[in-house]
Amino acid sequence: MKTSIHEAFDLGQSIWLDYISRDLIASGGLKSWIDKGVVGVTTNPSIFENAIAKTQDYDSEIASLSKEGKTSAEIYEILTLQEVGAAADILRPVYDSTNGKDGYVSLEVNPLIASDKDTTISEAKRLFALLNRPNVMIKIPATPEGIQALTECIASGVNVNSTLIFSQEQYINVAKAYIAGAKRAGKQVASVASVFVSRVDSAVDKLLAEKNNSDLQGCIAVDGIKLMYQEFKKLFAGEKFIQRALWASTGTKNKAYSDVKYVEDIIGANTVNTVPPVTLEAFVNHGKAALTLENDLDKAESDLKKLAALGIDIKAVCAKLLEDGLKSFNAAFESLMASIETKAKN
C-alpha cells in the first residue's frame, strides 16, 4: 500500500528511520518500515544507549564477550557493527534499486574524539573498512576538525554523514568540504549533511518567550532550513558530485505544535529527512506529502531579520546547540560504556 513516505519519495525526498535496535531487525520491523517507504537508517550514541543499556536484549552476549576477555569498548564496537551491518544488509536491495542514492545505515565515530581531526579520519576509515559494505556511512560531527576530516574521508572514498549541523555558516563549510573531497576522489562518494531542526525552535522559543514575543515561536527552525536549502541549490548548481542535505532532529518536542511539523514543512527535492519512529508513525497515519521547502521564502528571511532586531543572535544559539549536542552524545556514549561494564560483571 502506498504511504505518505512513498509520496514524499516521489517528490524527491528520501525518508530514513532515525532508530535501530536488535528487536527492530530480528522482528522484521525494519523490513516493515522499508515496505512503507523508508529508504535508510541513522543511528547515534543516544540511540545505541537506549538499545543496549536500557534493554536486556544484549545482556547474554555482553556476558559471553566479557568472558572472552573483551573490553567494554570492544564489546560496544562488536555490538554496533553487528547491528549496522545487519541493517545495511536488509537495506541493500534499496541501495541497488536506487543506484546507490539510498539504502544507507549510518554509524557514528566515537564522539569523544570530535576535536581530533587525525584520530577521527583514522577511526572513520577503520570502521568503514570493518563494515565492508557500500551502503554504510560514517557519522562525523561537524566541528571545525570534523569538517576537515570530512574532506579527507571523502577524498579516500569513505561515505560520510556530517552531523550536528545547526547554522547556515556551518552547513556551507560542510558542503564546501564535501565538494573539495569529491573533486579529489574524482567520483561521487555518498554523503549527507545532517542539519538539526527542532532543537533550534526549542532554544529560540525560550528566548522569544523571555521577550514576550509569540509571533516567531515555532517558525525559526523551519525558516533556517528553507534558507539552507537555497544555499544547497546554489552550492551544488553545476557540480558533478552531490552531497544531499538531510534534516535531522525532526521529532516535535513542543506539544503545542503539530506532531508532523518537521516532516510536512520541509519536503523538497534531493533532500533526506531522518525521522524517529513515533513521528514517522504519525506521518504515515495523518501526514501529507507536498513540496513545502520553498514556500514563503520571503517570510523566512523576514522572520530572521525580526529575530536579529529583537537582539537574539542565531549564530550564538547555533554554536551553543553544537556544544550541547556534543556533550549529549558524549554523555550517552560514556553512560553506555559504564552500562556495558556493569552488565559484563553480572
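Refer to the preceding data block for the structure.
Residues numbered from 1 in each chain as written. Predicted model: local features only at pLDDT ≥ 70, side-chain atom pairs only at ≥ 80, totals over all residues. Heavy atoms only, no water.

(A) Just the pairing of strand β7 (residues 244-248), in detail. For β7, the buried fraction is high: 5 of the 5 residues fall into the buried class. Going residue by residue along β7, you find Arg244, Leu246 and Ala248 tucked away on one face and Ala245 and Trp247 tucked away on the opposite face as well. In the sheet, strand β6 (residues 191-196) pairs with β7 via 5 bridges, with the strands oriented parallel. Counted as the bridge partner of phenylalanine 196 is alanine 248 from β7. Note that β7 and strand β8 (residues 271-275) share 3 bridges and pair parallel. Looking at the pairing, leucine 246 lines up with valine 272 of β8. (Buried < 20%, exposed > 50% of the residue type's maximum accessible area, 1.4 Å probe, protein only. Helix = DSSP H or I, 4+ residues; strand = E, 2+ residues; numbered from the N terminus. Pairing = 2+ DSSP bridges.)

(B) Representation of the nonpolar core within the structure. If you look at the biggest cluster of nonpolar residues, it comprises 114 residues, and the most contacted ones within it are Tyr171 and Trp247. Take this core: its biggest share by element is 11 residues, from helix α15 (residues 314-345). Excluding its chain neighbours within four sequence positions, the residues that come into contact with tryptophan 247 are Gln13, Val195, Val197, Ile225, Tyr229, Ile266, Thr271, Val272, Asn273, Thr274 and Leu293. (Core = buried A, V, L, I, M, F, W, Y, C linked by side-chain atoms within 4.5 Å. Contact = heavy atoms within 4.5 Å.)

(C) Spatial organisation of the packing of aromatic side chains. Considering all chains together, one arrives at 8 aromatic pairs under this definition. Arranged with centres 5.4 Å apart and planes meeting at 50°, the rings of phenylalanine 166 and phenylalanine 196 form a pair that is tilted. Of this pair, phenylalanine 166 sits in the loop between β5 (160-165) and α9 (168-185) while phenylalanine 196 sits in strand β6, and the two are 30 residues apart along the sequence. On the accessibility criterion, phenylalanine 166 (3% relative accessible area) is buried. Assessed through its relative accessible area of 6%, phenylalanine 196 is described here as buried. On the numbers, 5.8 Å between centres and 15° between planes, the contact of tyrosine 229 with phenylalanine 232 is stacked. With tyrosine 229 and phenylalanine 232 both in helix α11 (residues 220-236) and 3 residues apart, this pair spans about one turn of that helix. Of the residues examined, phenylalanine 232 reaches a relative accessible area of 5% and is grouped as buried. Feature note: the residues Tyr178, Tyr229, Phe232 and Phe236 constitute an aromatic cluster, connected by ring pairs. (Phe/Tyr/Trp six-rings, centres within 6.5 Å; stacked < 30°, edge-to-face > 60°.)

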